[in-house]
Amino acid sequence: MSRPSVVLLVWAGFLVVLGLVLLAWTRSPLMNGLLFGAAAGTVVLAVVALRSREPRRRFVPDVSFPTALTAVGIGLAVTGSAVGTWLLLIGSGLALVGLAGVVRELARA
Amino acid sequence: MTDTRSQFHELFGELYLPVTLTVGTIVVLVVLFAVVRYRRSRNREPSRKSEAPLLESAYAVTIAVILGVLIWATFTAEAKVDKVSATPGLRVDVTAFKWQWRFDYPGKGVPPSIGSDSHHAELVVPVDTVVGFRMTSRDVIHALWIPVARFKRDAFPNRYTSFDLVFDQLGTYPGRCAEFCGLEHAGMTLEVRVLTKQAFDDWLAARRR
Amino acid sequence: MTTVASERPVPRGLLAWAAATDHKRVGVLTGATALVLLLVNGAFALVMRSELAWPGTQIVGLKTYNELFTAHGSGMIYLVVTPLAFALAVYFVPLQVGAAEIAGPRFALLGFWLYVCGAVAMYSGFLTQEGAARFGWTAFPPLSDSTNSPGLGSDLWLLGVCLAVGGMFVLSGCVLATIVRLRAPGMTMLRLPVFCWTMVVTTLMTLTTFPVLIVALTLLELDRRGVGVFTSSGGPAAYQHLFWFYGHPVVYVMFFPFVGAMGEVIATFSRRRFFGYHAFVISLLAFAALSMSVWAHHMFTTGQVTNQYFSLTSTLIAIPAGIEYFDLIGTMIGGSILFRTPMLFAIGFLLLFLIGGLSGIMVASPPIDYHVHDSFFIVAHFHYTLFAGSMFAFFAAVYYWFPKVTGAFLREGLGKFHFLFMFVGTNLTFFPMFLLGEKGMPRRVGDYRGSDGFTGLNLISTIGAFLTALAIAIFVCNVFVSLRRREPAGADPWEGQTLEWATSSPPPRHNFDALPAVRSFAPLLDVREGKA
C-alpha cells in the first residue's frame, strides 16, 4: 500500500467484492452497473495515478483572471440553458474568452 | 398473522434499543474515563504505545458477532412483515392522490371511502383479521403510514404494491402520507377505525344501502 | 536573509483574491463562502422551527415552508458542509504532504467559482414568479417533473446543483492529485497524516459518485423539457437509484474529512501519536467501500429493492465505524489531555456523533425503518450525524487551524461559550425529534394539528434551535474579535505533529522554506521524541 495506485486498486477490489455479493441477491442492470461502474472508474484512476510522474515545473501566475472568467462563463451558460438563449450565448462567449486567456497563460509559462 | 406492531416491538424495543443503549453507554463511559484519568494534571507523560492489533481485532470480531445477531433478527422479522398472504380475511385497494386517500373494498359491494377537503378518508377494518392491501398512486409518489401498525409503504404511480396488516386493538388511529407530495402533503391524513368483526359487517351492510 | 521566492510581492486587493491560484486563498474563499451560506440556511431553519413551534400556520404558509426546507436541505448539503470539507482539504492537504502548492491550482480556482455560480443559480429561484424549487432536496420525479413542479425556479435549482457539485468534483480531483503526485520526499502513502488519508477516501467517493448525480439531474432536466426519461413505471425508482448512489456516499464525504481533522486534534491535544494508524487506514477503505454499497437503504419502503443486501451492508458499517472510535479514544487513553476549545468540540463530536451512528444502525433494519422512515426520527438521525457530528468536528478543526491560517488565536473564553451553548442547543433541538418521529410525525410538514400531541416536543426543539443560533452568533463574534484584536500565534502554537506546523502562520506563498525529515505520519512529533 506504499503506492497510490495500489491503494486505488485495493479499493476497487473492495467494490468488486461488494458488487459480486449484490449479484447474489439481484440482477438489476442499473444497480449492478452502478457498483461495478464505480469499481471500473476507480481502476481508471489507478492507471492514471500509475502513469503520474514527477510533475513538470510549470509557472502558475499568482492571479488567473481567465480561469475565473471561464468558470463564470460556464455557470452563466448552464443557467442560460433554462433562462434563455441570450444568457447561454453570453456565458459561452465569456467561457471561450476565458479559455483563450488560459491557453495564453499556459503558452507563456 | 403478520402483526407488524408486535414485530416492531420485539425487534426495536427488545433488541435494537437495549443493544444500542448499552453500546452507547459503554462508549460514553469510556470517553468520560479517558477525559478524567488522562487529563494533563493527572498524566504528565503520555504513553508511546501506538497500536494494539490483537485487542483491536478482538474488538472488531465482537462487534461483528453482535451485528450478526442483529442482522439475523432483522432478516427474520422482515420476512414476517413483508409476507403477503394469498387468502387475506379482507382485501382493500388503496389509491393515493394529491392530497387525499381512496379506499376500495373489492368484492364487498360498497362504495369506496374517498377523502375530501372537508372529510378525510376513513379506512375501516375488522380487528384480528389479515387485511391484504394493494396500493397505487394516481400522480406522484405518496406513502401510506399507519403509525399504530408501525408500518409504511410507498405508493408509486403506474405500479401496484401489496402488503398485509393485522390490527389487534379496537380504536381510532391516525394515518398520514409520509412521502412529500407537494403543497398539501402536511394535510394528507386519514383515519383508521378498527371495529369488532360484527361491527365491521354492520358497517358494510349500512354502506350497501 | 531572504530567498528569491519570499521576495515575490503578494497580490493584494479583492480582485487578486477572487482570481487567486494560491490554494490557501482558494481554501479560505471556499470556507468563507460556505460559512456565509451556513448562516443563510441556518436562518431558513430558524423560520421553519418558528413555524413548527405551535400548531397552525403563523409565520409562513405551506408553499413558503416547502421552499424553505428544500433550500435548507440542499443548501446545507451542496453549498455548506461539502464545501467546508473541501475548503479544509484544499488548504491543508498540500501543507500536510509538504507540497509547495496544490496540484492543478487553476482547476481549484475553477472549482470554487463553479460552486459560487451554482449557489447563485439555486437561490435565484426565490426571485422567479413561480417561486423557488419546493420538491425537497431529493427532487423525486414525478413530483419534480414539469407537470407537478412547473416554473423556472425548479430548473434553476437543478442546474445550480449540477454546477455546485461539479465544482466540488473538480476540487476533489485537485486534492487527490496532490496526494498522488506532490508528497514530500520520504512521505510514502503509509506516512500520510490521518487527515490526508480521510481525504483519499473522500475524493475517491466524490470522483466516482458526484458525476452520477449530475447525470441524474441532467436527465431530470431533460425530462422536464419533454424528453420522457423517468416516465415509465420503473422510471421514478430508477431516478432514486441514480440519486442515492450519490446521496449516500455524499454523507460520508461530509463526514470523513472531519473525522480526519478530529484525528489530528485529538492526537495534538492528547500529546500522543494517533493510535491504531494502520487499522484506521484499512477501516477507512472498508468504510468508504461499504458506503458505496448501501444506497438503496433509502428505498426500503418502496418495496422495489432487495432490502436484505442493503440492510446487511448498512449494518456492517458499524465495524469500521467502531474501529475509528477505538482509535480516536485510544489516542486519548494514555495521553496528556489539554481541554482547549478544539478538544472540547472533539469530545462533543465523539459523544454526539455516537447518537447519530447508533440510530443509523436502527434504521438499517427495514422493519424498524418501515415505521420511522420519512419521519422526524430520520431528521433527528441525520442531524445528529451531520450537525452534532460533522459540524462539531468542523468547529474543532476551525479553532485548531485558525491560528495557522490567520496567525491569530480564536478567543478561548468565547470558544467555550460557543461550545456550551451549541452542545445544549443541539441536543435540545434534535433529541425531541427522535420521539416525535416514533410518535408519528412525518417530515417535510409545515404544520400539524393540536390533537396530534406533537406540540410540546416541537416547542422544546424550537427553543433548542434558537439556543444553537446563539452559539453560532458567539462564534461569528469570536471570529471578528479575534481578527480585530489579535492574540498572535506563532508557527506551532499547539505543539502540532504534522507538517503544516513546520512553517509560519500564515504560511508563505510557497508554503515551506525548509522541510523536516519525514519518517512517519507525525514528523514533528518524531523530531520532539528524538526519533528523526
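Residues numbered from 1 in each chain as written. Chains lettered and ligands numbered in written order. Predicted model: local features only at pLDDT ≥ 70, side-chain atom pairs only at ≥ 80, totals over all residues. Heavy atoms only, no water.

Undergrad: Please give an account of the interface of chain C and chain B that cites residues and values.
TA: Every contact between the two is made by 86 residues of chain C and, on the other side, 70 residues of chain B. Across the interface of chain C and chain B, roughly 6600 Å² is buried in total on both sides, 66% from carbon and sulfur atoms. At the boundary of chain C and chain B, one finds three salt bridges. Elements represented by at least two residues in the side of chain C that touches chain B include exactly α3 (62–96), α7 (235–247), α10 (277–291), α11 (307–316), α12 (318–332), α13 (341–363), α14 (366–372) and α16 (412–439) of chain C. Residues that form the side of chain C that touches chain B fall into these classes: 43 nonpolar, 28 polar and 15 charged. (Contact = heavy atoms within 4.5 Å. Buried area = accessible area lost by both parts, 1.4 Å probe. Salt bridge = Lys/Arg side-chain N within 4 Å of Asp/Glu carboxyl O. Helix = DSSP H or I, 4+ residues; strand = E, 2+ residues; numbered from the N terminus. Nonpolar A, V, L, I, M, F, W, Y, C, P; charged D, E, K, R; others polar.)

Undergrad: Now, about the packing of aromatic side chains: what can you tell me, with residues and values included?
TA: The way to describe two aromatic rings as a pair is by their centre distance and the angle between their planes. Considering all chains together, one arrives at 70 aromatic pairs over all chains under this definition. An angle of 65° between the planes, with centres 5.4 Å apart, marks the rings of B:Tyr105 and B:Trp203 as edge-to-face. On the criterion of sequence distance, the pair formed by B:Tyr105 in the loop between β2 (100–104) and β3 (113–114) and B:Trp203 in helix α3 (residues 197–208) is long-range, its members being 98 residues apart. We note that B:Tyr105, like B:Trp203, is buried. Between the aromatic rings of C:Phe245 and C:Trp295, the centroid separation amounts to 5.1 Å while the plane-to-plane angle is 80°, which identifies the pairing as edge-to-face. (Phe/Tyr/Trp six-rings, centres within 6.5 Å; stacked < 30°, edge-to-face > 60°. Buried < 20%, exposed > 50% of the residue type's maximum accessible area, 1.4 Å probe, protein only.)

Undergrad: I'd love a proper account of empty space enclosed by the protein, names of residues and values included.
TA: By the definition in use, this model includes five cavities of 30 Å³ or more. For the largest cavity, the calculated volume is near 70 Å³. Around the largest cavity, the lining residues are B:Asp3, B:Arg5, B:Val148, B:Ala149, B:Val166, B:Phe167, B:Asp168, B:Gln169 and B:Tyr173. Within the lining of the largest cavity, the residues separate by chemical class into five nonpolar, one polar and three charged. Quantified by volume, the second largest cavity comes out at close to 60 Å³. Around the second largest cavity sit C:Glu67, C:Thr70, C:Ala71, C:Ser74, C:Gly75, C:Met122, C:Tyr123, C:Phe126, C:Ala132, C:Ala133 and C:Trp157, which together line it. Among the elements of the structure, α3 and α4 (105–124) of chain C are those that each provide at least two residues to the lining of the second largest cavity. It is α3(C) that contributes the most residues to the lining of the second largest cavity, five residues altogether. Partitioning the lining of the second largest cavity into residue classes produces seven nonpolar, three polar and one charged. (1 Å grid on protein atoms, 1.4 Å probe; cavity = no way out; pocket = protein on both sides within 12 Å on 5 of 7 lines; lining within 4 Å. Points joined across faces, edges and corners; volume = space filled by probe spheres on them.)

Undergrad: Outline the sheet that holds strand β10 (residues 189–195) of chain B, listing residues and values.
TA: Residue and element names in this part refer to chain B. On the basis of which strands lie adjacent, the open sheet formed by five strands has the order β4-β10-β9-β6-β7 and mixed pairing. Of all the strands in the sheet, the pair left with one neighbour each is β4 (122–126) and β7 (151–155). The average undirected angle you get between the axes of adjacent strands in this sheet is 20°. Pairing analysis gives five bridges linking β4 to β10, with the strands arranged parallel. Within β10, the position partnered with Pro-126 by the bridge is Leu-195. (Pairing = 2+ DSSP bridges. Axes fitted to C-alpha atoms, helices over the stretch in contact; angles between N-to-C directions.)

Undergrad: Please give an account of the sheet that holds strand β5 (residues 130–137) of chain B that cites residues and values.
TA: One open sheet accounts for five strands, arranged β3-β2-β1-β5-β8 (chain B); its pairing is mixed. Edge positions in the open sheet fall to β3 and β8 (161–166) of chain B, since each of these has one partner strand only.

Undergrad: How would you explain the interface of chain A and chain C if you had to name every residue and give the values?
TA: Taken together, the contact between chain A and chain C spans 51 residues of the former and 59 residues of the latter. Buried surface at the junction of chain A and chain C, summed over both partners, amounts to about 4600 Å²; 78% is from carbon and sulfur atoms. Broken down residue by residue, the surface that chain A buries against chain C is led by A:Trp11, A:Trp25 and A:Asp62, which jointly contribute 16%. Remark: the boundary between chain A and chain C carries two salt bridges. In this structure, A:Asp62 and C:Arg509 form a salt bridge, with 2.7 Å as the shortest nitrogen-oxygen distance. Inspection of the chain A/chain C interface yields nine residue pairs in polar contact (both at pLDDT 80 or more). Elements that contribute at least two residues to the side of chain A that touches chain C include exactly α1 (4–25), α2 (29–50), α3 (65–83) and α4 (85–108) of chain A. The dominant element in the side of chain A that touches chain C, judged by the number of residues it contributes, is α3(A), at 13 residues. Grouping the amino acids of the side of chain A that touches chain C by side-chain chemistry returns 34 nonpolar, eleven polar and six charged. (Polar contact = N/O pair within 3.5 Å; in protein donor to acceptor, adjacent residues only side chain to side chain.)

Undergrad: Kindly report on the nonpolar core, identifying the contributing residues and their values.
TA: If you look at the biggest cluster of nonpolar residues, it comprises 275 residues, and the most contacted ones within it are B:Trp101, B:Leu123, B:Phe167, C:Tyr78, C:Leu192, C:Trp295 and C:Phe349. Among all residues touching B:Phe167, those that are not within four sequence positions of it are B:Val125, B:Val127, B:Asp128, B:Thr129, B:Phe133, B:Ile146, B:Val148, B:Ala149, B:Val192 and B:Val194. (Core = buried A, V, L, I, M, F, W, Y, C linked by side-chain atoms within 4.5 Å.)

Undergrad: Tell me about the domain arrangement of chain A, and please be specific about residues and values.
TA: Per the domain assignment, the segments of chain A are domain 1 (3–51) and domain 2 (65–108). Averaged C-alpha coordinates put domain 1 of chain A and domain 2 of chain A at centres separated by 35 Å. (Domains from an automatic or database assignment.)

Undergrad: How would you summarise a nonpolar patch on the surface if you had to cite specific residues and measurements?
TA: Residues A:Val83, A:Trp86, A:Ile90 and C:Leu152 make up a contiguous nonpolar surface patch of roughly 350 Å² in combined accessible area. Given the relative accessible area of 42%, A:Ile90 is considered partly exposed. (Patch = residues over 30% accessible without salt bridge, like charges linked within 9 Å, V, L, I, M, F, W, Y side chains within 5 Å. Areas by Shrake-Rupley, 256 points an atom, 1.4 Å probe, with all protein chains shown as cover.)

Undergrad: If you had to explain the domain arrangement of chain C to someone new, which residues and values would you point to?
TA: Residue and element names in this part refer to chain C. In terms of domain boundaries, chain C breaks down into domain 1 (25–245), domain 2 (255–489) and domain 3 (490–532). Taking the mean C-alpha position of each, domain 1 and domain 2 sit 19 Å from one another. Every contact between the two is made by 48 residues of domain 1 and, on the other side, 51 residues of domain 2. At the boundary of domain 1 with domain 2, total buried surface from both sides reaches about 4500 Å², with 76% on carbon and sulfur atoms. Summed over the three residues of domain 1 that lose the most area to domain 2, namely Arg-49, Val-194 and Trp-244, the buried surface amounts to 15% of that side. Scanning the region where domain 1 abuts domain 2 turns up zero salt bridges. Where domain 1 packs against domain 2, one counts 14 residue pairs in polar contact (both at pLDDT 80 or more). Broken down by secondary-structure element, the contributors of at least two residues to the side of domain 1 that touches domain 2 are α2 (23–52), α3, α6 (194–224) and α7. The dominant element in the side of domain 1 that touches domain 2, judged by the number of residues it contributes, is α3, at eleven residues.

Undergrad: Requested: an account of the packing of helix α9 (residues 256–269) of chain C against α12(C), with residues and values cited.
TA: Axes are the key here: two packed helices are described by the angle between their axes and the distance separating the axes. Residues and elements named next belong to chain C. With their axes 9 Å apart at the nearest point, α9 and α12 run at an angle of 20° to one another. Judged on the interaxial angle alone, α12 and α9 are roughly parallel. Classified by chirality, the crossing of α12 by α9 is left-handed. Contacts from Phe-256, Val-259, Met-262, Gly-263, Ile-266 and Ala-267 in α9 reach Glu-324, Leu-328, Thr-331 and Met-332 in α12. Residues belonging to the contact of α9 with α12 are distributed by class as follows: seven nonpolar, two polar and one charged. (Parallel < 35°, antiparallel > 145°, perpendicular 65-115°, else oblique. Left-handed = near helix turned anticlockwise from the far one by under 90°.)

Undergrad: Break down the pairing of β5(B) for me, with residues and values.
TA: All names here are of chain B. Burial runs high along β5: seven of the eight residues are buried. Here strand β1 (residues 90–97) pairs with β5 via seven bridges, running parallel. Residue pairing in the sheet places Leu-90 in a bridge with Val-131 of β5. Across six bridges, β5 lies against β8 in antiparallel orientation. Paired with Phe-133 across the two strands is Phe-163, which belongs to β8.

Undergrad: Tell me about the pattern of salt bridges, and name the residues and values.
TA: Summed over the entire model, instances satisfying the criterion amount to 22 salt bridges over all chains. A salt bridge links C:Arg411 to C:Glu487; the nearest nitrogen and oxygen atoms lie 3.4 Å apart. Residue C:Arg411 is found in the loop between α15 (376–406) and α16, and its partner C:Glu487 is found in the loop between α17 (455–484) and α18 (523–529); the two are separated by 76 residues along the sequence. Judged by relative accessible area, C:Glu487 falls into the partly exposed class, the value being 36%. In this structure, a network of salt bridges that share partners links the residues A:Asp62, C:Asp22, C:Lys24 and C:Arg509.

Undergrad: Mind laying out α3(A), listing which residues take part and the relevant values?
TA: Side chains three or four residues apart in an α-helix point the same way, a direct result of the helix having 3.6 residues per turn. Here α3(A) spans 26 Å end to end across 19 residues, near enough to the 27 Å set by a 1.5 Å rise per residue. Buried residues in α3(A) make contact with α4 of chain A together with α1 (14–18), α4 and α5 (152–181) of chain C. (Expected span 1.5 Å × (residues − 1).)

Undergrad: Explain the packing of helix α1 (residues 4–37) of chain B against helix α2 (residues 53–82) of chain B to me, and be specific about the residues and the numbers.
TA: Residue and element names in this part refer to chain B. For the pair α1 and α2, the least separation of the axes is 10 Å and the interaxial angle reads 170°. By the criterion of interaxial angle, the relationship of α1 to α2 is roughly antiparallel. Contacts between α1 and α2 involve Thr-4, Gln-7, Leu-11, Leu-15, Tyr-16 and Val-19 from the first element and Ile-66, Val-69, Leu-70, Ala-73, Thr-74, Ala-77, Lys-80 and Val-81 from the second.

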